Amino acid sequence: MGDSRKGKPNRVWVDGCFDMVHFGHANFLRQAKELGDYLIVGVHSDAEIEKHKGPPVFNQEERYSMIRAIKWVDEVVEDAPYVTTLETLEKYNCDFGVHGNDITLTADGTDTYHIIKNAGKYREVNRTQGVSTTDIVGRMLLLTKEHHKRQGEDVPDEAQMQNIQKGSSPHSPWTGVSQFLATTQKIVQFSSGKQPKAGDKIVYVTGAFDCFHIGHLKFLEKASQFGDFVIVGLHTDGEVNRYCGSNYPIMNVHERVLSVLACKYVHEVVIGAPFTVSAEMMDYFKVDVVVHGNSQVFSDAHGNDPYDVPKKASKFKLIDSGNYMTTAKLVDRIIEHRKLYIARNKKKEAKELKAYEAFRKSQQHINGQCGDS
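Since the model is a prediction, treat every value here as computed from it, not as a measurement.

Q: Got a minute to help me understand the sheet that holds strand β7 (residues 229-234) in this structure?
A: Across a sheet, strands are paired by hydrogen bonds formed along the backbone, either parallel or antiparallel in direction. Spatially, β8-β7-β6-β9-β10 is the arrangement adopted by the five strands of the open sheet, whose pairing is parallel. At either margin of the open sheet sits one strand with a lone partner, and together these are β8 (268-271) and β10 (316-318). Direction aside, neighbouring strands of the sheet carry axes that sit 25° apart on average. Two strands pair when backbone bridges link them, and strand β6 (residues 202-207) and strand β9 (residues 289-292) are joined in this way by two bridges, in the parallel orientation. Opposite Tyr204, over in β9, you have Val290 as the bridge partner.

Q: Sorry, what's going on with the environment of Met325 here?
A: Residue position: Met325 is located in the loop between β10 and α14 (327-336). For the pair Met325 and Ile214, spaced 111 residues apart in sequence, the C-alpha separation works out to 6.7 Å. Those residues within four positions of Met325 in sequence are excluded, and the remaining contacts are Phe58, Glu62, His213, Ile214, Gly215, Leu330 and Arg333.

Q: Help me out: how do you make sense of the layout of surface pockets in this one?
A: Over the atoms, a rolled probe matching the size of one water molecule traces out where space is still vacant. Computed from the structure, the largest pocket encloses a volume of approximately 760 Å³. Where the lining of the largest pocket is concerned, the elements lending two or more residues are β6, α9 (214-223), α10 (237-244), β9 and α14. When its residues are assigned to classes, the lining of the largest pocket shows 17 nonpolar, 16 polar and two charged.

Q: Just to check I follow, could you spell out the nonpolar core for this structure?
A: Generally speaking, nonpolar side chains in soluble globular proteins are found buried as a group. Leu29, Ile67, Leu220 and Val232 are the most contacted members of the largest nonpolar core, which totals 70 residues. Contacts of Leu29, omitting those with residues within four sequence positions, involve Val14, Phe18, Leu39, Val41, Ile67, Ile70, Trp72 and Val73. In this structure, Tyr204, Phe229, Met282 and Tyr307 belong to the second largest nonpolar core, which totals 13 residues.

Q: Sorry if this is basic, but what is going on with helix α6 (residues 133-141) here?
A: An α-helical turn contains 3.6 residues, so any two residues separated by three or four positions project in the same direction. The buried count for α6 comes to eight of nine residues, which makes it a mostly enclosed element. Buried residues of α6: Thr133, Thr134, Asp135, Ile136, Val137, Gly138, Met140 and Leu141, and no others.

Q: Teacher, can you tell me more about the packing of aromatic side chains here?
A: Describing an aromatic ring pair means giving the distance of the ring centres and the angle of the ring planes. Scanning all chains against the criterion turns up eight aromatic pairs. Where Tyr243 meets Phe275, the ring centres are 5.3 Å apart and the plane angle is 45°; that geometry is what we call tilted. Here Phe275 lies in the loop between β8 and α12 (279-284) and Tyr243 lies in helix α10, a separation of 32 residues in the sequence. Residue Tyr243 is classed as buried on the basis of its relative accessible area, which comes to 12%. Overall, the relative accessible area of 10% leaves Phe275 in the buried class. These aromatic residues form a ring-pair network of at least three members: Tyr243, Phe275 and Phe298. A cation over a ring is seen here: Lys117 above Tyr122, with NZ or CZ 4.9 Å from the ring centre. Here the basic side chain of Arg242 rests over the ring of Phe275, its NZ or CZ set 4.8 Å away from the ring centre.

Q: Hey, could you run me through the pairing of strand β1 (residues 11-16) in this one?
A: The side chains of a regular strand alternate, first on one face of the sheet and then on the other. In terms of burial, β1 is a largely internal element, five of the six residues being buried. Regarding topology, helix α1 (residues 23-34) serves as the crossover connection from β1 to the parallel strand β2 (residues 38-43), and that connection is right-handed. Here β1 runs beside strand β4 (residues 96-100); their pairing, made up of two bridges, is parallel. Along β4, the bridge assignment pairs Val12 with Phe96.

Q: Would you mind showing me how to read the sheet that holds β1 here?
A: Strand order across the open sheet formed by five strands is β3-β2-β1-β4-β5, with parallel pairing between neighbours. Of all strands in the sheet, those bounded by a partner on one side alone are β3 (75-78) and β5 (122-125). Recorded for the sheet is a direction-independent mean angle of 30° between the axes of neighbouring strands. Bridge count between β4 and β5: four bridges; the pairing is parallel. Bridge pairing in β5 places Gly100 opposite Val125. Contacting β1, β2, β4 and β5, α1 runs over the sheet at an angle of about 140° to β2. On top of the sheet, helix α3 (residues 60-68) reaches β2 and β3; it is set at about 165° to β3, its chief contact.

Q: What is the right way to read the environment of Glu62 from this model?
A: Within the fold, Glu62 resides in helix α3. Taking the C-alpha atoms as reference, Glu62 lies 6.3 Å from Ile214; in sequence the two are 152 residues apart. Leave out the neighbours within four places in its chain, and Glu62 touches Ile214, Met325 and Arg333. Engagement of the side chain of Glu62 in a polar contact is seen with the side chain of Arg333, the distance being 3.2 Å.

Procedures and definitions
- Residues numbered from 1 in each chain as written.
- Predicted model: local features only at pLDDT ≥ 70, side-chain atom pairs only at ≥ 80, totals over all residues.
- Heavy atoms only, no water.
- Pairing = 2+ DSSP bridges.
- Helix = DSSP H or I, 4+ residues; strand = E, 2+ residues; numbered from the N terminus.
- Axes fitted to C-alpha atoms, helices over the stretch in contact; angles between N-to-C directions.
- Contact = heavy atoms within 4.5 Å.
- 1 Å grid on protein atoms, 1.4 Å probe; cavity = no way out; pocket = protein on both sides within 12 Å on 5 of 7 lines; lining within 4 Å.
- Points joined across faces, edges and corners; volume = space filled by probe spheres on them.
- Nonpolar A, V, L, I, M, F, W, Y, C, P; charged D, E, K, R; others polar.
- Core = buried A, V, L, I, M, F, W, Y, C linked by side-chain atoms within 4.5 Å.
- Buried < 20%, exposed > 50% of the residue type's maximum accessible area, 1.4 Å probe, protein only.
- Phe/Tyr/Trp six-rings, centres within 6.5 Å; stacked < 30°, edge-to-face > 60°.
- Lys NZ or Arg CZ within 6 Å of the ring centre and 35° of its normal.
- Right-handed = clockwise from strand over helix to strand, strands pointing away.
- Polar contact = N/O pair within 3.5 Å; in protein donor to acceptor, adjacent residues only side chain to side chain.

In short, the description is geometric, and any link to function would need to be established separately.
Right under this line is the structure:
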């Protein structure tokens, strides 16, 4: 989508915290990339996020890596300024900046995009309904380390629950939880659309990939080095629940599919893949090697090794990705700082609600004037 008037491609700027990177972030980046040819993503530092929003879940190095791995991203700018300026656009030769149709505010309540909006260098895309970092953190706050039955002080009170779940009280339309609805169109939009070429070595990996995180990313990056085409088998919610515990998975299979598909190392996803890797399945997908990482290998429902077939065929690789983050450890990270995150979510919700009410009143005023003319 080059700009023929300028004789050069459209360079698009987006920025954000990109904490707990999920398919909502990926969908935003996908839409932004569609507006141009080259997508540059500015990611804020831990210090900037702490100042304006509160503590991030992932540190800046983890967040930089996660954004670099999203298939629509061409370049990442580290430690990007929290308020988007014309100088930033000029520095990276960007034609305009893009954000979702929610709102991002500084610590003092200022719209972080007001400068480029006033200069006519702002574009907007639709935010993905049904998911937010606040929502996902909220789901984790309902868990405890003991898988995960709460007792005594671990139980959030009613106000805390309303802060992390959608209640009957007024809530921000950007932060409040809503139900994500998967569609075939969304899956097609995220899919690579590629087929393995003749002679390609097929790599198969399988698992829950719940709350896609830096551990998953580093594993997939290393697994991709064993072949040319990576297929990820995603277990059903019921299967994940069987081997992980009563409160898992945190994200349902539709959410997990999109999160995995957004990763540049993944070419195809098997939705609801069988837990046991059978000879028939390996033959169907022409699998050359099955790879497993640092996470525990759980037995199937009958107590058998799910990798028995590829192991006997000498087509199994156990690898060390060098990163030991797991979904359980991520949950522990959230729970350990539960009060901080609850306070952060409450502050963010209140700030957004105030801004939304002001926006709604301004729209009513404009509509009223139009009605009088």
